[in-house]
Amino acid sequence: MTMSTADKARLDEFWQHCLKHQFFNIGYPENADFDYAPLHRFLRFSINNCGDWAAPSNYVLNSFDFEREVMTYFSDLFGIRHEDSWGYVTNGGTEGNMFGCYLARELFPGGTLYYSKDTHYSVAKIVKLLRIRCRAVDSLANGEIDYDDLMAKIAADQERHPIIFANIGTTLRGAVDDIALIQQRLAQAGIAREDYYLHADAALSGMILPFVDRPQPFSFADGIDSICVSGHKMIGSPIPCGIVVAKREAVERISVEVDYISASDKTISGSRNGHTPLMMWAALRSHSPAQWRRRVQHCLGIAQHAVERMRAAGIDAWRHDNSITVVFPCPSARIAKKYCLATSGDTAHLITTPHHQDTRQVDALIDEIIAEAQPAAWRALRQDNPAHDLQVPTQVREFASRFDVI
Ligand SMILES: *Cc1c(COP(=O)(O)O)cnc(C)c1O
């Protein structure tokens, strides 16, 4: 590739930009702690996973074998036998959600989709593209779906085949809709199990809940029909990606044989990324389940530290069980901008992904929030101990040393 000096300089400049901001992220769930160096050499190949990884393809440069192993891993993780499931490596959580909704609509063509108002913005686009009738259900203050409103809307619609779009970790508040309760309420309303569809949007928490001691219900064993996870969030990836897992029988309903590629077509896009399955494979193979547990514990520990520090300073911060999303009142626009925080109305959050190796970045943000919320108290504290905001408190240091695993 020949490139002008000016263009090379532009790339150098962008390289510096990327280096500088590599670990900037505290307001979004993208984990920057990954190393795919063993895969760099594959960038010279035009790998394409067009079609179904489970079937032979004419296109020889595919990474199907790796995709199969990724999907075996996730069917295990989500409590379904690999033979009873089918899924693939997607372009991200949104495509996984769309795939789940597509399967649901094919099963119940006239069914109404119910989603809470805290659901990710992608659902609105999905129902429009798929022309699925839908109803936004109220959320509770903690971000979970309002179960009474859900049942009231299903009853008012006289919907016999509801499609439930459940959040396993909402984007803003990390809330997990109680899918056990939802199923109980549906049963009470006389809607049999085979008459509804339950999709789980686990974009972030799908890689957290399997690794904690007391997870909220989230798996096929708990009653879901499909689930999606983003690959570039908790797992970490330089290219957005994700996975979706569904029941095999539901997928077979949408499968089409295509002569041109000599394969069966079940996926939303035609040509598919062949590099991201390699990345997912490498990430999963290079951390044992025990290491994932430690990684998740580490993130949960930093999130808890953030909650406790803010609460001690009188700031109403909180998080859900098993959530690395810390919710707090929206700080000033200056702080939000400086730390690239995602805000919604009067609510902001920070997310403690694995690239937060210690509490430094979180503490820097919290220091500023506290200073802004209580300038007088902050000044007094600093007069007592001018170096306060430069010191790592003892309990934090102890805490960090317990988790020096990544
Ligand atoms: C991020 C997110 C999505 C969308 O995932 P992408 O990978 O960005 O497409 C969907 N749902 C939830 C809850 C999310 O947090």
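Since the model is a prediction, treat every value here as computed from it, not as a measurement.

Caption draft 1: The overall build of the protein, seen in detail. If you tally the helices and strands in the protein, you get 14 helices and 12 strands. For a compact globule of 406 residues, the expected C-alpha radius of gyration is about 22 Å, and the protein comes in at 23 Å, within 12% of that figure. Structurally, the protein occupies a C-alpha span of about 75 × 65 × 40 Å along its principal axes. Taken over 406 residues, the protein has a buried fraction of 50%. Long-range pairs, those at least 24 residues apart, make up 70% of the contacts in the protein between residues at least 6 apart in sequence. When the accessible surface of the protein is totalled, it reaches about 19,500 Å², and 53% of it is carbon and sulfur. In the protein, 41 side chains carry a positive charge and 49 a negative one; their mean positions are 3 Å apart.

Caption draft 2: Main features of the nonpolar core. Grouped together as the largest cluster of nonpolar side chains are 83 residues, with contacts concentrated most on F74 and F78. The greatest single-element share of this core, amounting to six residues, is contributed by helix α9 (residues 275-285). In this structure, this core is formed jointly by two domains, domain 1 (5-30 + 288-401) and domain 2 (37-286), each of which donates at least three residues. Ignoring any residue separated from it by four or fewer positions in sequence, one finds F74 in contact with M207, I235, I243, V245 and L284. Ranked by size, the runner-up nonpolar core spans 22 residues in total, among them I26, I315, I335 and V362.

Caption draft 3: Local environment of the site of the ligand. The ligand sits among G92, G93, T94, N97, H120, G169, T171, D201, A203, S230, H232 and K233. Within the side chain of T171, a nitrogen or oxygen atom sits 3.1 Å from an oxygen atom of the ligand. Here an oxygen atom of the ligand and a side-chain polar atom of K233 are 2.9 Å apart. Taking a 2 Å distance to the grid points as the criterion, the majority of the atoms of the ligand fall inside the second largest pocket. Mapped by element, the contributors of at least two residues to the shell around the ligand are α3 (93-107) and α7 (231-235).

Caption draft 4: Structural view of the side chain of D149. With respect to the helices and strands, D149 occurs in helix α5 (residues 147-157). Residue D149 is classed as buried on the basis of its relative accessible area of 14%.

Caption draft 5: The pairing of strand β4 (residues 163-167), seen in detail. Most of β4 sits out of view: five of its five residues are buried. Side chains I163, F165 and N167 project from β4 onto one buried face, and the interleaved I164 and A166 project onto a second face that is buried too. Examined bridge by bridge, strand β2 (residues 113-116) and β4 share three bridges and lie parallel to one another. Bridge pairing links Y115 to F165 in β4.

Caption draft 6: Region of the structure containing the domain arrangement of the protein. Per the domain assignment, the segments making up the protein are domain 1 (5-30 + 288-401) and domain 2 (37-286). Look at where the C-alpha atoms of domain 1 and domain 2 centre, and you get two points 30 Å apart. The interface is formed by 25 residues belonging to domain 1 together with 26 residues belonging to domain 2. When residues of domain 1 are sorted by the area they lose upon contact with domain 2, W292, H320 and N322 head the list and together hold 31% of the total.

Rules behind the numbers
Residues numbered from 1 in each chain as written. Predicted model: local features only at pLDDT ≥ 70, side-chain atom pairs only at ≥ 80, totals over all residues. Heavy atoms only, no water. Helix = DSSP H or I, 4+ residues; strand = E, 2+ residues; numbered from the N terminus. Rg over C-alpha atoms; globule rule 2.2 N^0.38 Å. Buried < 20%, exposed > 50% of the residue type's maximum accessible area, 1.4 Å probe, protein only. Contact = heavy atoms within 4.5 Å. Areas by Shrake-Rupley, 256 points an atom, 1.4 Å probe, with all protein chains shown as cover. Lys, Arg positive; Asp, Glu negative; His and termini not counted. Charge placed at Lys NZ, Arg CZ, Asp CG, Glu CD. Core = buried A, V, L, I, M, F, W, Y, C linked by side-chain atoms within 4.5 Å. Domains from an automatic or database assignment. Near = heavy atom within 4 Å. Polar contact = N/O pair within 3.5 Å; in protein donor to acceptor, adjacent residues only side chain to side chain. 1 Å grid on protein atoms, 1.4 Å probe; cavity = no way out; pocket = protein on both sides within 12 Å on 5 of 7 lines; lining within 4 Å. Sits in = over half its atoms within 2 Å of the grid points. Pairing = 2+ DSSP bridges. Buried area = accessible area lost by both parts, 1.4 Å probe.

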